[in-house]
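Listed below are the residues making up each chain.
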Amino acid sequence: DVKVTQSSRYLVKRTGEKVFLECVQDMDHENMFWYRQDPGLGLRLIYFSYDVKMKEKGDIPEGYSVSREKKERFSLILESASTNQTSMYLCASSFMTGGNEQFFGPGTRLTVL
Amino acid sequence: AQSVAQPEDQVNVAEGNPLTVKCTYSVSGNPYLFWYVQYPNRGLQFLLKYITGDNLVKGSYGFEAEFNKSQTSFHLKKPSALVSDSALYFCAVRDIDAGNNRKLIWGLGTSLAVNP
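Scope of this entry: the structure provided in the associated data block. (Residues numbered from 1 in each chain as written. Chains lettered and ligands numbered in written order. Predicted model: local features only at pLDDT ≥ 70, side-chain atom pairs only at ≥ 80, totals over all residues. Heavy atoms only, no water.)

1. Quick look at the overall build of chain A
Across its full length, chain A carries zero helices and 11 strands. The N-to-C order of helical and strand elements in chain A reads β-β-β-β-β-β-β-β-β-β-β. Computed over the C-alpha atoms, the radius of gyration of chain A is 13 Å, within 12% of the 13 Å expected from 2.2 N^0.38 for a compact globule of 113 residues. Viewed in the frame of its principal axes, chain A has a C-alpha envelope of about 40 × 30 × 25 Å. Considering chain A as a whole, with its 113 residues, one finds that 50% of them fall into the buried category. (Helix = DSSP H or I, 4+ residues; strand = E, 2+ residues; numbered from the N terminus. Rg over C-alpha atoms; globule rule 2.2 N^0.38 Å. Buried < 20%, exposed > 50% of the residue type's maximum accessible area, 1.4 Å probe, protein only.)

Okay, structure coming up:
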């Protein structure tokens, strides 16, 4: 089975802090994604990566950056956390070819105070 | 522009009754369609997908979905609902605009409540 793990299930940070969310997948997937999920807004894509050191902006990249130094690991960085970044963050991965179905981690619920 | 719509925010059904969660799409070309389920405070779990072939697709946990090209729909169905099916359901379609076929376009989700 595909396994996607995220570094924390719950995280509480203060405004202005630098926050790192890490995601690791064990299926040698080329693509990795970071989403945030908010009630009534569904899933919104922040960034995705289709190869090591490659990244593309999603729909809401402002206030975020990403890093992919190894194929299995994709990090989301909040340079200076703000209260409006309080949300559920979901990481996913998929193969480049085939059905492209994405496999998700358990999510990190981030609260910024 | 490509899009996915889930016209119902919430669906209520009695245990043992059939359930349907609706999804319609708008894409150019042949769609790749997906259903996911999310239980409370969990990530999304893949249920099933349609790429080509038989219009009735069977997936996990007894769910199935019917692809209807003329109605541009991909409704999720189950013959007999369980209380444990209560969750948030998402429909998605592969984004093929501008040659980018890596992303999925997501519906906003439908909350399914199965009443005992």
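Read on, since the account is not over.
2. A few points about the interface of chain A and chain B
On the chain B side, the residues contacting the 26 residues of chain A number 21 residues. For the pair chain A and chain B, the interface holds one salt bridge. Between B:Lys49 and A:Glu101 there is a salt bridge, with the nearest N and O atoms lying 2.9 Å from each other. Joining chain A to chain B, the criterion identifies five residue pairs in polar contact (both at pLDDT 80 or more). Top element by residues in the side of chain A that touches chain B is strand E5 (residues 42-51) of chain A. It accounts for five residues. For the side of chain A that touches chain B, the class distribution of residues is 13 nonpolar, nine polar and four charged. (Contact = heavy atoms within 4.5 Å. Salt bridge = Lys/Arg side-chain N within 4 Å of Asp/Glu carboxyl O. Polar contact = N/O pair within 3.5 Å; in protein donor to acceptor, adjacent residues only side chain to side chain. Nonpolar A, V, L, I, M, F, W, Y, C, P; charged D, E, K, R; others polar.)

3. So, the state of the cysteines
In a disulfide, the sulfur atoms of two cysteines are held together by a covalent bond. Residue and element names in this part refer to chain A. On inspection of all chains with the given rule, the structure shows two disulfides over all chains. The disulfide that involves Cys23 links it to Cys91, with 1.8 Å between the sulfurs. With the S-S bond torsion at -75°, the cross-link from Cys23 to Cys91 turns out left-handed. Residue Cys23 is found in strand E3 (residues 19-25), and its partner Cys91 is found in strand E9 (residues 87-94); the two are separated by 68 residues along the sequence. As far as burial versus exposure is concerned, Cys23 and Cys91 are alike and both buried. (Disulfide = S-S within 2.5 Å.)

4. As for the pattern of salt bridges
All names here are of chain A. Inspection of every chain in the model, using the stated rule, returns 10 salt bridges over all chains. Arg73 is the partner of Glu22 in a salt bridge, and the nearest nitrogen-oxygen pair spans 2.9 Å. With a gap of 51 residues between them, Glu22 in strand E3 and Arg73 in strand E8 (residues 73-78) connect regions that are remote in the sequence. Among the salt bridges present, the one from Arg44 reaches Asp38, with a minimum N-O distance of 2.8 Å. Members of the salt-bridge network, linked through shared partners, are Arg36, Asp38 and Arg44.

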